[in-house]
Protein chains: 2
Amino acid sequence: MPVCAPQMRSKLARCAYKLFAKKGIRSVNLDEVAAAAGVTKGSFYWHYKSKKELLHAACAYYYRRWRQRARTEIARDDDPLKQLERVLRFSVQSCLFDRESRVFTTEVFALSLQDKEIRAGWAQFYDTVRELFVGLVQAACDNDQLQVVDPRRAVDWMLATIEGIKQRAAFEPEICTPDQREATVQGLLRIVGLIDAPT
Amino acid sequence: MPVCAPQMRSKLARCAYKLFAKKGIRSVNLDEVAAAAGVTKGSFYWHYKSKKELLHAACAYYYRRWRQRARTEIARDDDPLKQLERVLRFSVQSCLFDRESRVFTTEVFALSLQDKEIRAGWAQFYDTVRELFVGLVQAACDNDQLQVVDPRRAVDWMLATIEGIKQRAAFEPEICTPDQREATVQGLLRIVGLIDAPT
DNA sequence: CACGTTCCATACTGTCCGGTATGGTAAATG
DNA sequence: CATTTACCATACCGGACAGTATGGAACGTG
């Protein structure tokens with residue numbers, strides 16, 4: 001008995017992510033997803049029990065990939081501040097230039113407002129991202145490259161701004177240039193340093 | 001021949017907004033909207049030619065109301081900086097405490113990624129909001145209450161952060177307190193002052 | 001009062017699509 | 001070789017829902 005279910009299962013998740021990120025989740029039907037993975041809907045339902053389960057898998061795929069890329073960026077440098085800057089640059093890069101990522105996250109976020117499980121998954125992802133950034137800021141502080149009293153607070157502000165920039169990028173393609181990206185990274189670093197002054 | 005079409009037309013838009021903002025646009029059908037306005041789908045189609053046209057009307061309703069409220073806040077004070085603070089407080093208040101507004105704007109934004117007209121409407125609204133804030137910042141500068149070299153740039157950052165806070169509020173109800181609101185307003189003012197330092 | 005116009009209701013159609021029922025084929029197993 | 005299991009295809013079902021067809025009541029107008 002052949003055992004290749006894991007491959008096809010993850011392939012379906014990957015294809016689903018691609019399609020969701022291109023056309024929006026609601027306007028992608030399961031026939032398309034199955035076709036993109038080279039099978040039909042009948043066999044799709046052998047691997048997943050519903051469209052929602054597929055969406056979870058697609059989210060997991062996206063989350064995992066984000067973390068991987070962030071780790072890769074961190075590994076490229078030893079200096080804590082540079083590491084922070086690299087991950088920031090990667091994040092801003094995604095917001096400004098990766099339309100698919102924008103579409104996918106926007107759709108997932110919209111769905112999360114109506115669906116508790118989607119929301120829980122997203123919240124958990126947000127937490128890991130935050131902890132990652134907090135760790136980097138903390139390290140830069142320990143290394144005397146940054147002075148931040150409340151790293152978590154500062155990171156929350158920074159992440160909020162990044163989300164907002166992602167939205168703007170959807171409407172104002174003119175801000176999507178490498179120069180803007182660098183300016184944005186520097187601005188974000190300034191927010192980190194600024195925001196935790198006592199209110 | 002009775003002429004009350006305008007009333008019912010706007011009533012439908014209002015009810016549509018309410019429902020869209022509560023349950024999400026995609027999960028509201030026209031029967032519901034019609035019923036909420038006290039009519040049936042048949043007569044709905046006498047007032048609107050499609051669901052999309054209704055959505056545009058609902059957006060227009062939301063946009064108009066936002067501007068009205070902002071104007072009201074501005075009218076409450078003469079001091080430019082206080083005016084800015086008031087509009088900021090109103091914006092943050094919406095993000096933190098008005099779940100319906102969050103749902104509606106999130107859904108519209110998600111749809112705007114796939115639909116050119118929705119996007120155009122949203123972009124235009126964003127522009128008016130930005131100009132409003134720029135005007136307030138400018139006035140505060142002229143009044144020597146603020147020093148900002150590039151108000152438009154500063155406002156863009158501020159608005160981005162506000163959008164991000166709106167997202168976080170959906171996941172972290174614990175940040176939705178009056179204290180947090182005030183801290184957020186002050187933090188935003190600091191961003192305005194900070195961000196336009198030369199890169 | 002006849003007639004057109006406005007506004008509304010009822011009932012229907014057509015389509016999209018998630019999900020299911022069912023059967024087939026290839027490989028592993030005893 | 002018979003049988004089971006893993007994996008896939010075809011064909012279908014049924015519900016949800018946008019949009020339409022049609023008719024009726026109220027009111028203004030000639």
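The following paragraphs examine the structure supplied in this document. What you see is a predicted model, and the numbers here were worked out from it, not measured in a lab. (Residues numbered from 1 in each chain as written. Chains lettered and ligands numbered in written order. Predicted model: local features only at pLDDT ≥ 70, side-chain atom pairs only at ≥ 80, totals over all residues. Heavy atoms only, no water.)

**Description of the layout of surface pockets**
Then, number 1: Looking at the largest pocket, its volume works out to about 410 Å³.
Then, number 2: Considering only residue class, the lining of the largest pocket consists of 13 nonpolar, six polar and six charged. (1 Å grid on protein atoms, 1.4 Å probe; cavity = no way out; pocket = protein on both sides within 12 Å on 5 of 7 lines; lining within 4 Å. Points joined across faces, edges and corners; volume = space filled by probe spheres on them. Nonpolar A, V, L, I, M, F, W, Y, C, P; charged D, E, K, R; others polar.)

**Quick word on the pattern of salt bridges**
Charged atoms that come close allow side chains of opposite charge to pair.
Then, number 1: In total, this model carries 44 salt bridges over all chains according to the counting rule given.
Then, number 2: The shortest N-O distance in the salt bridge between K166 of chain A and E163 of chain A comes to 3.6 Å. With K166 of chain A and E163 of chain A both in helix 8 (residues 151-171) and three residues apart, the pair spans about one turn of that helix.
Then, number 3: By sharing partners, the salt bridges in this structure join D127, R130 and D156 of chain A together with R168 and E172 of chain B into a single network. (Salt bridge = Lys/Arg side-chain N within 4 Å of Asp/Glu carboxyl O. Helix = DSSP H or I, 4+ residues; strand = E, 2+ residues; numbered from the N terminus.)

**Section: the nonpolar core**
Then, number 1: F133 of chain A together with F133 of chain B are the most contacted members of the largest nonpolar core, which totals 144 residues.
Then, number 2: Excluding anything up to four places from it in sequence, F133 of chain A contacts W66, L84, V87, L88, S91, V155, M158 and L159 of chain A. (Core = buried A, V, L, I, M, F, W, Y, C linked by side-chain atoms within 4.5 Å. Buried < 20%, exposed > 50% of the residue type's maximum accessible area, 1.4 Å probe, protein only. Contact = heavy atoms within 4.5 Å.)

**A few points about the relation of the copies chain A and chain B**
Then, number 1: Turning chain A through 180 degrees and shifting it by 0.0 Å along the axis lays it on chain B, with an RMSD of 0.0 Å. When the rotation and shift are considered jointly, the pair of chain copies conforms to a two-fold rotation axis. The C-alpha atom lying nearest the rotation axis in chain A is that of T161 of chain A; the distance is 2.0 Å.
Then, number 2: Taken together, the interface assignments show that 100% of the residues at the interface of chain A recur at the interface of chain B, consistent with an identical surface on both copies. (Least-squares fit on C-alpha atoms with pLDDT ≥ 70 in both.)

**Some words on the packing of aromatic side chains**
Then, number 1: Here the structure, examined in full by the defined rule, presents 30 aromatic pairs over all chains.
Then, number 2: Arranged with centres 5.5 Å apart and planes meeting at 45 degrees, the rings of Y62 of chain A and F104 of chain A form a pair that is tilted. Here Y62 of chain A is found in helix 4 (residues 51-75), whereas its partner F104 of chain A is found in helix 6 (residues 99-112), with 42 residues between them in sequence. Across the pair, exposure class does not vary: Y62 of chain A and F104 of chain A are buried alike.
Then, number 3: Among the aromatic residues, those joined into a cluster by ring pairs are Y17, Y61, Y62, Y63, W66, F90, F104, F109, W122 and F125 of chain A together with F171 of chain B. (Phe/Tyr/Trp six-rings, centres within 6.5 Å; stacked < 30°, edge-to-face > 60°.)

**A few points about the side chain of Q167 of chain A**
Then, number 1: One can find Q167 of chain A in helix 8.
Then, number 2: For Q167 of chain A, the contacting residues outside a window of four places in its chain are F109, E163 and Q167 of chain B.

**Quick look at empty space enclosed by the protein**
Then, number 1: A complete count under the given rule lists five cavities of 30 Å³ or more for this structure.
Then, number 2: In this structure, the largest cavity encloses a volume near 320 Å³.
Then, number 3: F125, V129, I162, E163 and K166 of chain A are the residues nearest the centre of the largest cavity, which is lined by 21 residues in total.
Then, number 4: Looking at the lining of the largest cavity, the elements that each hand over two or more residues are helix 4, helix 5 (80-97), helix 6, helix 7 (116-142) and helix 8 of chain A together with helix 8 (151-171) of chain B.

**Re the interface of chain A and chain B**
Many authors give the size of an interface as the accessible area that is lost as the parts come together.
Then, number 1: Facing 42 residues of chain A, the contacting portion of chain B comprises 42 residues.
Then, number 2: Summed over both partners, the interface of chain A with chain B comes to about 3,800 Å²; 65% of that surface belongs to carbon and sulfur atoms.
Then, number 3: Among the residues chain A hides against chain B, the three largest losses belong to Q167, F171 and R190 of chain A. Together they make up 17% of the total.
Then, number 4: Linking chain A with chain B are four salt bridges.
Then, number 5: One salt bridge in this structure joins R168 of chain B and D156 of chain A, with 3.4 Å as the shortest N-O distance.
Then, number 6: Counting only elements with at least two residues in the side of chain A that touches chain B, the list comes to helix 1 (5-23), helix 6, helix 7, helix 8 and helix 9 (178-195) of chain A.
Then, number 7: The element that contributes the greatest number of residues to the side of chain A that touches chain B is helix 8 of chain A, accounting for eleven residues.
Then, number 8: Of the residues in the side of chain A that touches chain B, the class split is 19 nonpolar, ten polar and 13 charged. (Buried area = accessible area lost by both parts, 1.4 Å probe.)

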